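Overview (structure and organization)
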Amino acid sequence: MNCPFCGNNESKVIDSREVNDGIRRRRQCLNCSSRFTTYERLQPASLFVIKKDRRREEFNKDKLLAGIRKACEKRPLPTGTIDKLADDIEAELDSQGKAEIPSTIIGDMVMERLKSLDYIAYIRFASVYRDFADITALKREIDTLVSDETDEIFPPTSQLPLIPAEDLEIKAKAHRRTRR
Ligand SMILES: [Zn+2]
């Protein structure tokens, strides 16, 4: 630590106290006797994301949020849902305490959560993030989703368009038959 007045790099600590998030030290330069203050704080460990092209990039929560927001655009999600989702993911990454993580793992974490929140947001996110080669792959993914769901409760009406047309037709026919 160089003295801000003369540049000398030797100083003595004349006072030291704990402050909220670290230690504050009052120092005196051994050369010019000027006094100055230094703070010592814990630096949170950085998390690096390994991208598909192998480049490494520091984890950026804003970027994660932007990606989720885009997928959830105009979807009927309660206020705060998206922020909470990003917070959850950040907390989980923190708790893992890793120095680096593949972007695919983070993407999977987002998808896993979106899947139970909103189908359309999930599909939108998946289509960007998974680089679906063509629309067939996307359709297959939707079909998987729909068949996962058929044994459970019927999806809300706002999500009906995700059911393939032929399924709707079969249901309509069944309905007509029961009415006769
Ligand atoms: Zn000095």
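Just above, that's the structure.
Residues numbered from 1 in each chain as written. Predicted model: local features only at pLDDT ≥ 70, side-chain atom pairs only at ≥ 80, totals over all residues. Heavy atoms only, no water.

Looking now at the pairing of strand β1 (residues 11–19). Pairing between β1 and strand β2 (residues 22–29): eight bridges, direction antiparallel. For arginine 17, the partnering residue across the bridge sits in β2 and is arginine 24. Here β1 folds back onto β2, and the loop between the two strands holds two residues. (Pairing = 2+ DSSP bridges. Helix = DSSP H or I, 4+ residues; strand = E, 2+ residues; numbered from the N terminus.)

Our focus in this paragraph is the coordination of the zinc ion. Protein-derived coordination of the zinc ion comes from Cys3 (SG), Cys6 (SG), Cys29 (SG) and Cys32 (SG), at a distance range of 2.3 to 2.4 Å. One can describe the site at the zinc ion as tetrahedral: its four donor atoms subtend angles covering 103 to 115 degrees at the metal. Read from N- to C-terminus, the donor residues coordinating the zinc ion fall into the pattern C-x2-C-x22-C-x2-C. In this pair, cysteine 6 sits in the segment before β1 while cysteine 29 sits in strand β2, placing the two residues 23 residues apart along the sequence. Take cysteine 6: its relative accessible area is 36%, and that puts it in the partly exposed class. Classification of cysteine 29 as buried rests on a relative accessible area of 2%. (Donors = N, O, S within 2.8 Å, 3.2 Å for Na, K, Ca; no water. Tetrahedral: all angles 85-135°; square planar, octahedral: opposite > 155°, others 65-115°. Buried < 20%, exposed > 50% of the residue type's maximum accessible area, 1.4 Å probe, protein only.)

Distances and angles like these do not, on their own, reveal function.
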